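# Topology and contacts: notes
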Amino acid sequence: MSKGYGDQETINNAPISGTFSELLEVSLSRRQILKGASLLPLLGLPLGCATTAGPPDSGELGFSAISASSEDRVRVAHGYDARVLYRWGDPVGSTAGMPVFKSDASNTAAEQALQAGMHHDGIEFFSLPYGSGSSERGLLVMNHEYTDDGLLHGDGFANWSAEKVLKSQNAHGVSVIEVELRNGIWSVARPSRYARRITARTAMRVSGPAAGHASLQTSADPLGLEVLGTINNCAGGYTPWGTYLTCEENWNNYFVNTSTIPDEQRRYGVNAKGSGYRWNEFDARFDALAHPNEPNRFGWVVEIDPFNPDSKPVKRTALGRIKHEGAALALTADNRVVYYMGDDQQFEYIYKFVSRDAYNKADRAANRDLLDHGTLYVAKFGADGSGEWIDLSHGKNNLTAINGFASQADVLIKTRQAGDVVGATKMDRPEWTAVHPKDKSVYCTLTNNSARGAKDQPRVDAANPRVNNTFGHIIRWNEDRSDPAATTFRWDIFVMAGDPLLADANKHGNIKGDVFGSPDGLWFDTAGRLWIQTDVSTSTLGRNDYAGIGNNQMVCADIATGRIKRFLTGPKGCEITGIAETPDGRTMFINIQHPGETSSERNDPANPQAVSTWPDGPEGGRPRAATIAIRKTDRGVIGT
Ligand code: FEO
Ligand code: CA
Ligand code: CA
């Protein structure tokens, strides 16, 4: 999601006060620190000379970079083609029915429940059959993050009704589709016994330490063990045993509380208005005054087994409750699973989860509840390039009853507050994390933070060094001994985004290559090429300081040299997000989210600003988010 439906430019973390002179002082001391530190890229000096995290090898960028673009189409590097595969409203292929999309948006809520949801985001590919490693047949599992109700209904918000709320809820969640490659072209296999939609109303089990806690109990679910739905599914991840992880991000936007907001709700951004979804008007559980525990049932990582269409999704509470961006997997030497996770809001934290047990390669079913047991940590970035993972286990690090945490369930339900207590580092909106396939170094996009260093807001620090950080940056770290379970690490900044040619010294970047802003999606291919997807907000795209950057795009970095090349540009008003490849690396799937988004609150196709008709053209009625499949015309490996 690029445009703030309330939360992304607001701050729910307690501000740090600081006078302007204090800010200057911190800024100065940071420079002094840097003189002797390994953070030279911050000063615009060449990348690749950093000594803390630079891996020894890299993937070669074999394509020719393309120019920035403001065209209303997808452009991709020479020698590649990109084809639309799965658009909002396309039938998922369920054996229960396959309603066709109606370009006037007159599909019913019931039909929407059997069609692609809106605003595709995180995506993963699972070979079919399970374990086969096939690159020609598989399941694509993807998130549908949110809805633009101006587009979703023929008459937008007019005549708001229970049916419209239900259609919006059914356009949220996850798609599981079966896809196959024939004659070099991917298509959705329909019908498929695997195909299904998971929506904001699908029943899911709550599991892990917070399951059944009093704070999760509601009148409809007095045991606190079953939640209806998953919402604002942003990025995700996967497990080594072939399940999909979907991450609940800006879930607070759906709730409304018109009375005094309890601290627990305020810390996560629940407010009196919500962000325009208006579900509370016809679905009482989104009234956070009447149902104060319902918000506690969102903000989790949800595990879905795509190979079993009858399986019930599971909310894994051990991984904490935040505005989860994604969950990037690393494996320890003894096969415990580690997930790196960003909490995407200004001044929020970076987390990791380390499972207690090793996963069982030989017995898939034995991993059923592996994600229910483990340790959650939050990151603290030292000014000298050192870093620490602080244990968020109840009873440790002041996470005790006197500080509001009576149990581990309390810590997990109030993960942000636990991060506050232990003094984690407030970051510039942590989005995706990515783990290098060979050396296990970890990269994280910090997409932007216009409030950094503003009056009464947290000051710059070494890890977030730019006042008014409108372009964002990418930080990286090496765990000690390259052990993902380590509790200490060394970090540096990989790149400051933004145009190096801009005169404003506060905003310039140090990119070696093609400029971009607001990095968000982040992913390593198996060769170690780092793919970076951008989510510059629509309102920012129109600003002079972004003039040379064009539409949102996907670039690729050679991390050994710092060289960055533009690979793809999206249509007008879109965000590029979600990335997966087939095991052979010869097909890449990405998502084009919210093409044609305007800077108004909701995207009305009658609005003269609604300039995108991607992907269907003027006769298509309205722009549609879509998955595209990218192939090399010579059938080679993507990026070579
Ligand atoms: Fe849904 Fe932070 O992007
Ligand atoms: Ca994102
Ligand atoms: Ca974003």
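As a reminder, the structure under discussion sits directly above these lines.
I will try to describe carefully the structure that is included in this document. For clarity, every value in this text was computed on a predicted model and none was experimentally measured.

### A few points about the sheet that holds strand β30 (residues 575–581)
Within the open sheet, the four strands sit side by side as β2-β32-β31-β30. Their pairing is antiparallel. With one partner strand each, in any of the chains shown, β2 (80–87) and β30 form the two edges of the open sheet. Neighbouring strand axes in the sheet, compared pairwise and without regard to direction, differ in orientation by 25 degrees on average.

### Notes on the coordination of the calcium ion (ligand 2)
Glu325 (OE), Glu431 (OE), Asp520 (OD) and Asp520 (OD) make up the full set of protein donors to the calcium ion (ligand 2), lying at 2.3 to 2.9 Å. In the primary structure, the donors to the calcium ion (ligand 2) are separated according to the pattern E-x105-E-x88-D. Taken as a pair, the calcium ion (ligand 2) and the calcium ion (ligand 3) show a spacing of 3.8 Å, with Glu431 coordinating each metal. Remark: Glu431 occurs in strand β21 (residues 430–435) and Glu325 occurs in the loop between β13 (314–316) and β14 (328–331); sequence separation between them is 106 residues. The burial state of Glu325 is the same as that of Glu431; both residues are buried.

### What to know about the environment of Val337
Along the chain, Val337 turns up in strand β15 (residues 336–342). Sequence separation of Val337 and Pro240 is 97 residues, and the distance between their C-alpha atoms is 8.4 Å. Setting aside residues up to four positions removed in sequence, Val337 forms contacts with Pro240, Trp241, Leu329, Ala330, Leu331, Phe353, Val354, Ser355, Leu370 and Leu371.

### Examining the nonpolar core
Residues Tyr339, Met341 and Leu392 are the most contacted members of the largest nonpolar core, which totals 51 residues. Going through the elements one at a time, β11 (244–248), β15, β17 (350–358), β18 (374–381), α6 (408–413) and α7 (415–422) are the ones with two or more residues in this core. By residue number, the principal contributor to this core is α6, which donates four residues. Contacts of Met341, omitting those with residues within four sequence positions, involve Val301, Leu319, His324, Gly326, Ala327, Tyr349, Ile350, Tyr351, Lys352, Phe353, Leu376 and Thr433. Counting 48 residues, the second-largest nonpolar core is a separate cluster that includes Ala235, Met554, Ile559 and Cys574.

### Some thoughts on the environment of Ser518
On the secondary structure map, Ser518 appears in the loop between β25 (512–513) and β26 (519–524). Take Ser518: its relative accessible area is 2%, and that puts it in the buried class. Here the alpha-carbon distance between Ser518 and Gln533, two residues 15 residues apart in the chain, equals 8.5 Å. Ignoring sequence-local partners within four residues, the contact set of Ser518 consists of Thr447, Asn448, Thr470, Phe471, Gln533, Thr534, Asp535, Val536 and Tyr546.

### What to know about the state of the cysteines
A complete count under the given rule lists zero disulfides for this structure. The thiol sulfur of Cys247 is not disulfide-bonded, and the nearest other cysteine sulfur, from Cys234, lies at 7.8 Å. On the basis of relative accessibility, which here comes to 0%, the residue Cys247 falls in the buried class.

### Regarding unusual backbone geometry
Residue Pro129 is bonded to the preceding Leu128 through a cis peptide linkage, with omega at -5 degrees. Note that Pro129 resides in the loop between β3 (120–127) and β4 (137–144). At the junction of Arg190 and Pro191, the peptide bond is cis and its omega measures out at -10 degrees in the coordinates. Along the polypeptide, Pro191 turns up in the loop between β6 (185–188) and β7 (196–198). Unlike most non-glycine residues, His119 shows phi in positive territory, near 55 degrees.

Definitions and limits used
Residues numbered from 1 in each chain as written. Chains lettered and ligands numbered in written order. Predicted model: local features only at pLDDT ≥ 70, side-chain atom pairs only at ≥ 80, totals over all residues. Heavy atoms only, no water. Pairing = 2+ DSSP bridges. Helix = DSSP H or I, 4+ residues; strand = E, 2+ residues; numbered from the N terminus. Axes fitted to C-alpha atoms, helices over the stretch in contact; angles between N-to-C directions. Donors = N, O, S within 2.8 Å, 3.2 Å for Na, K, Ca; no water. Buried < 20%, exposed > 50% of the residue type's maximum accessible area, 1.4 Å probe, protein only. Contact = heavy atoms within 4.5 Å. Core = buried A, V, L, I, M, F, W, Y, C linked by side-chain atoms within 4.5 Å. Disulfide = S-S within 2.5 Å.

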